[in-house]
Amino acid sequence: MSKRRGSRRGSSAGLPGGANPMAMLQKMQQDMAEAQESLEQETVEVTVGGGAIRVVITGHQRVQAVEINPEVIDTDDEEWLNDLQDLLVAAVNQAIEQSQAMAAERMERITGGLGNIPGLGGLLG
């Protein structure tokens, strides 16, 4: 058995422009960390029930505000009181879904679908 010399390990052969794969991964990790930090500050706003309820949530799925517009809600009507809970649940769930979509889109911009490359085993996703 002969030993292979000149192994391609660590080589940039086959990559566009001779790019260093480790440098590319490190840059991607840095970009992802920066995106995560910015998502903590970015918000999504959802309004339901014709303006009855407004929810503001961050890109990290942290609820910042829940506002109930008293002008839209008739507190003397028992049906509104019962529906208020359903509207709150709907608003929070929509806000979470939109926040998750925003975060996923941001990460997809950085990784460019690299999570689908065979051999990476989900390291990027």
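Relevant structure appears above.
Summary of the structure given here. In this text, all values refer to a predicted model and were calculated from it rather than measured experimentally. (Residues numbered from 1 in each chain as written. Predicted model: local features only at pLDDT ≥ 70, side-chain atom pairs only at ≥ 80, totals over all residues. Heavy atoms only, no water.)

## Thoughts on the overall build of the chain
Turning to step 1, where the next piece is worked out: When helices and strands are counted, the chain shows two helices and three strands.
Turning to step 2, where the next piece is worked out: Overall, the chain shows an N-to-C arrangement of helices and strands of α-β-β-β-α.
Turning to step 3, where the next piece is worked out: Considering the chain as a whole, with its 125 residues, one finds that 21% of them fall into the buried category.
Turning to step 4, where the next piece is worked out: Roughly 9,100 Å² of accessible area belongs to the chain as shown, and the carbon and sulfur atoms make up 49% of that amount. (Helix = DSSP H or I, 4+ residues; strand = E, 2+ residues; numbered from the N terminus. Buried < 20%, exposed > 50% of the residue type's maximum accessible area, 1.4 Å probe, protein only. Areas by Shrake-Rupley, 256 points an atom, 1.4 Å probe, with all protein chains shown as cover.)

## As for the side chain of Arg106
Turning to step 1, where the next piece is worked out: Tracing the sequence through the fold places Arg106 in helix H2 (residues 78-111).
Turning to step 2, where the next piece is worked out: Using a relative accessible area of 14% as the deciding quantity, one classes Arg106 as buried.
Turning to step 3, where the next piece is worked out: A distance of 2.7 Å separates polar atoms of two side chains, one belonging to Arg106 and the other to Glu42.
Turning to step 4, where the next piece is worked out: In contact with Arg106, not counting residues within four places along its chain, are Ala35, Ser38, Leu39 and Glu42. (Polar contact = N/O pair within 3.5 Å; in protein donor to acceptor, adjacent residues only side chain to side chain. Contact = heavy atoms within 4.5 Å.)

## Considering helix H1 (residues 21-41)
Turning to step 1, where the next piece is worked out: Taking 1.5 Å as the rise per residue, H1 with 21 residues should run 30 Å; its terminal C-alpha atoms sit 31 Å apart, in good agreement.
Turning to step 2, where the next piece is worked out: Those residues of H1 lying buried are Met28, Met32, Ala35 and Leu39. When H1 is viewed along its axis, its buried side chains cluster within an angular range of 65° and face the same direction. The exposed residues of H1 that point more than 90 degrees off its buried face are Met22, Gln29, Glu37 and Gln41.
Turning to step 3, where the next piece is worked out: Against the buried residues of H1 lie strand E2 (53-58) and H2. (Expected span 1.5 Å × (residues − 1). Arc of directions from axis to C-beta.)

## Let's talk about H2
The α-helix advances 3.6 residues per turn, and as a result positions three or four apart in sequence lie on the same side.
Turning to step 1, where the next piece is worked out: Spanning 34 residues, H2 covers 50 Å between terminal C-alpha atoms, matching the ideal 50 Å at 1.5 Å per step.
Turning to step 2, where the next piece is worked out: The sharpest bend along H2 measures roughly 25° and falls at Leu84.
Turning to step 3, where the next piece is worked out: Buried residues of H2: Leu84, Leu87, Ala91, Ala95, Ser99, Met102, Ala103, Arg106, Met107 and Thr111, and no others.
Turning to step 4, where the next piece is worked out: Where H2 is buried, its residues touch H1, strand E1 (43-48), E2 and strand E3 (63-68). (Bend = angle between axes of the 7 residues up to and from the residue.)

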